[in-house]
Amino acid sequence: MSVWKKLLWFGVAALGTWSVAMLALSRGEQISALWIVAAGFCALSISYRFYSKWLATKVLVLNEGRATPAVLQNDNKDYVPTNRWMVFGHHFAAIAGPGPLVGPVLAAQFGFLPGTLWILIGATLGGGVHDMIVLFASIRRGGKTLGQMVKEEIGPGVGLLALVSVLAIMIILLAVLALVVVQALAQSPWGVFTIAVTIPLALIMGIALRTGKISVIAVTVFGLFGLAFGVWGGQFLANFPAIEAWFRHDQKWLAWAIMIYGLAASVLPVWMLLTPRDYLSTFLKLGTVAMLAAAVVLINPTLQMPAITKFINGSGLVFAGPVFPFVCITIACGAVSGFHSLIASGTTPKMIRREARIRSIGYGAMVTEMMVALMAMIAACVLQPGEYFAINTKGAPTEVVAKISAAGFPVTEAQMQKLAANLGESTMFNRAGGAPTFAVGMAHMFARVSAKPSALALWYHFAIMFEALFILTTIDAGTRVGRFLLQDFLGNVWRPLGNTRSWSANFLSSVLLVAAWGWFLYEGVIDPLGGINSLWPLFGLANQLLSVVALCLGTTLLIKMHKGRYLFVTLVPLCFMCAVTFSAGYLKVLSSDPRLGFLSGAQSLLREASGMADPTKAAELARQAGVWRFDAVVAVFFLVLVLAIVVGSARQWWQLIRGTRRAVLHEGEFVPITAAQLAQF
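Cut-offs and rules
- Counting of residues starts from 1 at the beginning of each chain's written sequence and follows it residue by residue.
- Totals for whole chains, interfaces and linings use every residue, but because this is a predicted model, local features are given only for residues with pLDDT of at least 70 and side-chain atom pairs only at 80 or more, for both listing and counting.
- Side-chain descriptors were evaluated using all non-hydrogen atoms of the structure, hydrogens and water having been removed beforehand.
- Per the convention used, a helix needs a DSSP run of H or I reaching at least four residues, while a strand needs a run of E reaching at least two, with both numbered from the N terminus.
- Radius of gyration: C-alpha atoms only; globule rule: 2.2 Å multiplied by the number of residues to the exponent 0.38.
- Accessibility here uses a 1.4 Å probe with only protein chains present; expressed as a share of the type maximum, an area under 20% marks a residue as buried, one over 50% as exposed, and anything in between as partly exposed.
- Planes of paired rings set the category: under 30 degrees apart is stacked, over 60 is edge-to-face and the rest tilted, where pairs are Phe, Tyr or Trp rings (Trp by its six-membered ring) whose centres lie within 6.5 Å.
- The criterion is that NZ of a Lys, or CZ of an Arg, lies within 6 Å of the ring centre and within 35 degrees of the ring normal, and then a charge sits over that ring.
- A pairing counts as a salt bridge when a side-chain nitrogen of Lys or Arg comes within 4 Å of a carboxyl oxygen of Asp or Glu.
- Here the term patch refers to residues with relative accessible area over 30% and no salt bridge, with like charges joined within 9 Å and nonpolar side chains (Val, Leu, Ile, Met, Phe, Trp, Tyr) within 5 Å.
- Per-residue and other accessible areas were derived by the Shrake-Rupley procedure at a 1.4 Å probe size, with only the shown protein chains allowed to occlude residues.
- Here, axes are lines fitted to C-alpha atoms. For helices the fit covers the stretch in contact, and angles between N-to-C directions go from 0 to 180 degrees.
- Orientation is classified from the angle alone, with under 35 degrees giving roughly parallel, over 145 giving roughly antiparallel, 65 to 115 giving roughly perpendicular, and any other angle giving oblique.
- Handedness of a helix crossing follows the sense of rotation of the near helix relative to the far helix, less than a right angle counterclockwise being left-handed and clockwise being right-handed.
- Contacts between residues were defined by any pair of non-hydrogen atoms, one from each residue, lying within 4.5 Å.
- Note on residue categories: nonpolar means Ala, Val, Leu, Ile, Met, Phe, Trp, Tyr, Cys or Pro, charged means Asp, Glu, Lys or Arg, and polar means any other residue, Gly included.
- The span you would expect from a helix comes to 1.5 Å times its residue count less one.
- Each residue is assigned a bend, namely the angle between axes fitted to the seven residues that terminate at it and the seven residues that start at it.
- To count as a disulfide, a pair of cysteine sulfur atoms needs to be within 2.5 Å.
- N or O atoms closer than or at 3.5 Å make up a polar contact, with two conditions inside protein: a donor-capable atom paired with an acceptor-capable one, and, for residues adjacent in sequence, both atoms drawn from side chains.

Undergrad: How should the overall build of the protein be read in this particular structure?
TA: Scanning the protein from N- to C-terminus turns up 27 helices and 2 strands. Taking 26 Å as the expected radius of gyration for a compact globule of 681 residues, we find that the protein reaches 24 Å, a close match to that expectation. By its C-alpha atoms, the protein is 70 × 60 × 55 Å across when sized along the principal axes. Expressed as a percentage of its 681 residues, the buried residues of the protein come to 59%.

See below:
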């Protein structure tokens with residue numbers, strides 16, 4: 001490296017250090033959001049340039065001469081060698097679900113500092129490693145899923161536990177993601193129109209590329225023009241009531257539509273719908289995030305939220321729980337996310353042409369998502385704290401305003417009514433969940449660039465549509481990955497059901513999987529007190545438990561590869577995530593705080609129900625108490641399964657290190673890339 005390059009990188013490191021210091025040490029004065037952007041950019045640049053390269057060359061030792069599963073098993077359906085930018089687009093779109101948008105917004109109740117630090121450290125030292133090593137392992141093992149690899153590398157007993165736990169968690173995650181989309185798109189013709197446009201566009205793009213006569217650039221330009229039309233044209237549907245009625249639907253209709261779409265994305269060849277649609281969605285995702293970053297640079301907004309609030313002790317108005325471990329549970333996809341391991345061992349390894357792409361796709365997509373999470377943190381923290389808490393706190397407006405003002409964040413009902421009117425909404429009270437808050441923050445920054453009085457409402461509804469599109473791309477890839485997991489499990493019962501080359505086996509497995517998460521989704525739509533809503537508190541916990549399973553696999557592989565001196569790469573994140581998940585699980589089940597603990601919350605609801613004169617309300621509270629108890633059972637089930645996997649893994653590590661067990665790697669036969677295959681790249 002030349003002297004000038006060394007000076008450049010030293011400057012980047014100095015800027016990043018100074019940015020973090022400004023965020024961490026400043027107290028009482030106003031802080032610019034630009035410091036968060038600068039810290040994120042420096043962390044992304046340094047970690048990708050140096051740490052990911054070191055992982056690729058020294059730890060994993062990627063081999064360009066080795067043929068990948070996409071080349072060896074090309075079946076034009078699941079295993080399809082694909083252009084690297086389209087693979088990156090698919091992978092990023094699949095992993096970037098609600099986590100990087102919603103999680104940081106909710107965690108902003110602790111202040112901007114805890115969440116920002118966790119995103120920066122977690123993504124570069126934990127999430128990037130997690131995603132990259134699982135993607136590497138799956139490619140070296142013929143594109144096998146996480147459950148299959150755990151079974152082969154750690155043991156059949158642990159592997160069976162992994163299959164059961166991963167499949168159960170996957171069903172919950174998909175149902176929750178689908179419910180978020182349904183709630184965002186209900187009675188929103190603009191959002192439904194935009195998403196509907198992307199489906200035929202993706203089909204045309206996929207078929208055009210498959211012919212081999214049209215270049216990726218030409219197809220991309222066509223897709224971008226079509227996407228721009230979908231985004232821009234949706235706002236004019238109100239001028240055509242008859243056409244608008246085609247795209248205005250309730251939650252039940254949308255639930256069925258998403259189930260049908262998930263089934264199609266799982267069964268159709270990956271090149272026909274899934275890959276081009278995710279690739280297309282990535283342009284909107286990254287383009288919007290880039291515009292958000294540009295808006296931050298142009299208007300230089302001030303962070304209104306304090307660096308640290310008094311809610312770090314667990315008394316939060318948005319959700320209960322102390323800053324540790326719940327900042328790491330709430331912010332998942334933007335830092336460390338177990339869901340990423342399912343994509344990295346599901347669809348993505350079956351499309352990568354060369355091992356060198358593992359670095360840019362595995363690690364690169366993760367640190368890109370880190371920037372998305374930081375933008376979401378900024379969107380939440382540039383709002384007035386009183387407005388932020390009023391949007392996310394449940395209760396009657398008068399009670400909410402009094403509670404928030406008493407906590408030291410003054411806000412009035414008139415202020416909230418004015419905000420709702422400017423956004424084109426009837427009210428902004430009781431809009432918890434994170435998505436509306438992100439949309440409000442994003443709209444505020446974009447509207448300040450425009451002089452139009454209607455800009456705030458326009459950008460708010462654009463942000464809601466953008467979030468729905470962001471999450472939907474996780475559902476299609478997730479359903480396909482879930483089908484792979486289900487076939488792994490069913491193959492143990494009857495071998496033909498595990499054959500991914502069989503159309504009938506694929507279709508049957510897809511129907512069963514969609515029926516599983518679709519049932520929970522529909523229950524959540526028709527019954528707000530039950531169904532999938534009862535599993536919302538488990539979403540973050542279940543997601544992070546998956547990361548523990550993936551890091552156990554990564555540690556096992558490093559030991560078997562005789563990379564013991566590099567064990568800290570996976571072992572440090574693993575130990576930290578174990579501390580996070582098991583402490584959070586303990587608190588969620590056994591905490592004496594009824595706002596936090598499932599069991600104490602159920603007892604509190606039953607006591608309240610027993611003192612009510614209205615039998616209808618008492619019955620609702622009793623049913624809600626049953627929901628909390630069900631949450632406790634599910635949480636314990638997941639915790640026990642993952643604990644058994646950790647113990648089983650640790651036992652094998654000890655045996656391997658002591659030399660009492662032979663280290664057998666199931667990597668398959670080394671097959672070099674031929675000159676003809678290389679010429680295609």
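Undergrad: I would appreciate a short explanation of the packing of aromatic side chains in the present structure.
TA: Aromatic ring pairs: the centre-centre distance and the angle between the two ring planes describe each pair. Taken as a whole and assessed by the stated rule, the structure comprises 22 aromatic pairs. Consider the rings of Trp54 and Phe568, whose centres lie 6.1 Å apart with planes at 25°: the pair is stacked. With Trp54 in helix H2 (residues 34-59) and Phe568 in helix H24 (residues 568-590), this pair connects stretches of sequence that are 514 residues apart. The interplanar angle of 65° and the centroid separation of 4.9 Å between the aromatic rings of Trp232 and Phe236 together place this pair among those described as edge-to-face. Overall, Phe236 belongs to the partly exposed group, its relative accessible area being 32%. Counting every residue linked through ring pairs, the aromatic cluster contains Tyr51, Trp54, Tyr363, Tyr566 and Phe568. The residue whose ring lies beneath Lys350 is Phe484, and the NZ or CZ to ring-centre distance is 4.3 Å.

Undergrad: Would you take a moment to explain unusual backbone geometry for this structure?
TA: Leave glycine aside and you will find that most residues have negative phi; peptide bonds, for their part, are mostly trans. Cis geometry marks the peptide bond from Phe324 to Pro325, where omega comes out at 15°. With respect to the helices, strands and loops of the structure, Pro325 is situated in helix H14 (residues 323-330). Located in the positive-phi region is Val61, a residue other than glycine, with phi close to 50°. Within the secondary structure, Val61 sits in the loop between H2 and helix H3 (69-72). Relative accessible area serves as the criterion here: at 38%, Val61 is assigned to the partly exposed category. Of note in the backbone geometry, His562 takes a positive phi value of approximately 60° without being a glycine. Structurally, the position occupied by His562 is in the loop between helix H23 (539-560) and H24. Taking relative accessible area as the criterion, His562 reaches 70% and is therefore assigned exposed.

Undergrad: For this particular structure, what's the right way to read helix H5 (residues 99-107)?
TA: Helical geometry: 3.6 residues make up each α-helical turn, so side chains three or four residues apart lie on a common side. Most of H5 is tucked away, with 9 of its 9 residues classed as buried. Taken as a whole, H5 has its buried residues at Gly99, Pro100, Leu101, Val102, Gly103, Pro104, Val105, Leu106 and Ala107.

Undergrad: Would you explain the pattern of salt bridges in this entry?
TA: Two side chains that carry opposite charge are able to pair once their charged atoms sit near each other. Using the criterion set out here, one finds 11 salt bridges in the structure. Residues Arg480 and Asp78 are paired through a salt bridge, measuring 2.6 Å at the closest nitrogen-oxygen approach. Of this pair, Arg480 sits in helix H21 (residues 455-493) while Asp78 is found in the loop between H3 and helix H4 (84-95), placing the two residues 402 residues apart along the sequence. Like Asp78, Arg480 is buried.

Undergrad: What is the right way to look at a nonpolar patch on the surface in this model?
TA: Nonpolar side chains collect at one region of the surface, where Phe229, Trp232, Phe236, Phe240, Ile243 and Trp246 lie side by side and expose about 680 Å² of accessible area between them. Only helix H10 (216-233) and helix H11 (241-247) provide two or more residues apiece to the nonpolar patch. Secondary-structure assignment places Phe240 in the loop between H10 and H11. By relative accessible area, Phe240 is classed as partly exposed at 48%.

Undergrad: Which parts of the structure should I look at to understand the packing of helix H13 (residues 274-299) against helix H16 (residues 357-381)?
TA: For any two helices packed against each other, the geometry comes down to the angle between their axes and how far apart the axes lie. Where H13 meets H16, the closest approach of the two axes is 10 Å, and the angle between their N-to-C directions is 50°. With respect to H16, the axis of H13 lies oblique. H16 is crossed by H13, and the crossing has left-handed handedness. Two secondary-structure elements touch here, H13 through Leu286, Val289, Leu292, Ala293 and Val296 and H16 through Thr368, Val372, Met375 and Ile378. When grouped by side-chain class, the residues that make up the contact of H13 with H16 number 8 nonpolar, 1 polar and no charged.

Undergrad: How should helix H6 (residues 112-140) be read in this particular structure?
TA: The terminal C-alpha atoms of H6 lie 40 Å apart, and with 29 residues this matches the ideal 42 Å at 1.5 Å per residue to within 8%. Along H6, the helix axis deviates most sharply at Ala123, where the bend reaches about 50°. Most of H6 sits out of view: 26 of its 29 residues are buried. Looking at the residues trailing H6, positive phi occurs at Gly142, about 75°.

Undergrad: Got a minute to help me understand the packing of helix H1 (residues 3-25) against H6 in this structure?
TA: Their axes nearest at 9 Å, the elements H1 and H6 cross at an angle of 150°. For the element pair H1 / H6, the angle class is roughly antiparallel. The interaxial crossing formed by H1 with H6 has left-handed handedness. Counting all contacts with H1, which are made through Val20, Leu23 and Ala24, the residues of H6 involved are Phe112, Leu113, Thr116, Leu117 and Leu120. Grouping the constituent residues of the contact of H1 with H6 by class yields 7 nonpolar, 1 polar and no charged.

Undergrad: In this structure, what is going on with the state of the cysteines? I would like to understand it.
TA: Defined simply, a disulfide is a covalent bond joining two cysteines at their sulfur atoms. For the structure on display, the rule yields 0 disulfides. Of all cysteine sulfurs, the one in Cys578 lies closest to Cys575, which takes part in no disulfide; the gap is 6.5 Å. For Cys575, a relative accessible area of 49% gives the class partly exposed.

Undergrad: Can you help me understand the side chain of Thr68 in this one?
TA: Take Thr68: it is sitting in the loop between H2 and H3. For Thr68, the side chain forms a polar contact with the main-chain oxygen of Ile352, separated by 2.7 Å. Those residues within four positions of Thr68 in sequence are excluded, and the remaining contacts are Ile139, Ile352, Arg353, Arg354 and Glu355.

Undergrad: Where do I start with the environment of Arg353 in this structure?
TA: Following the sequence through the fold, Arg353 ends up in the loop between helix H15 (339-344) and H16. Of the residues examined, Arg353 reaches a relative accessible area of 23% and is grouped as partly exposed.

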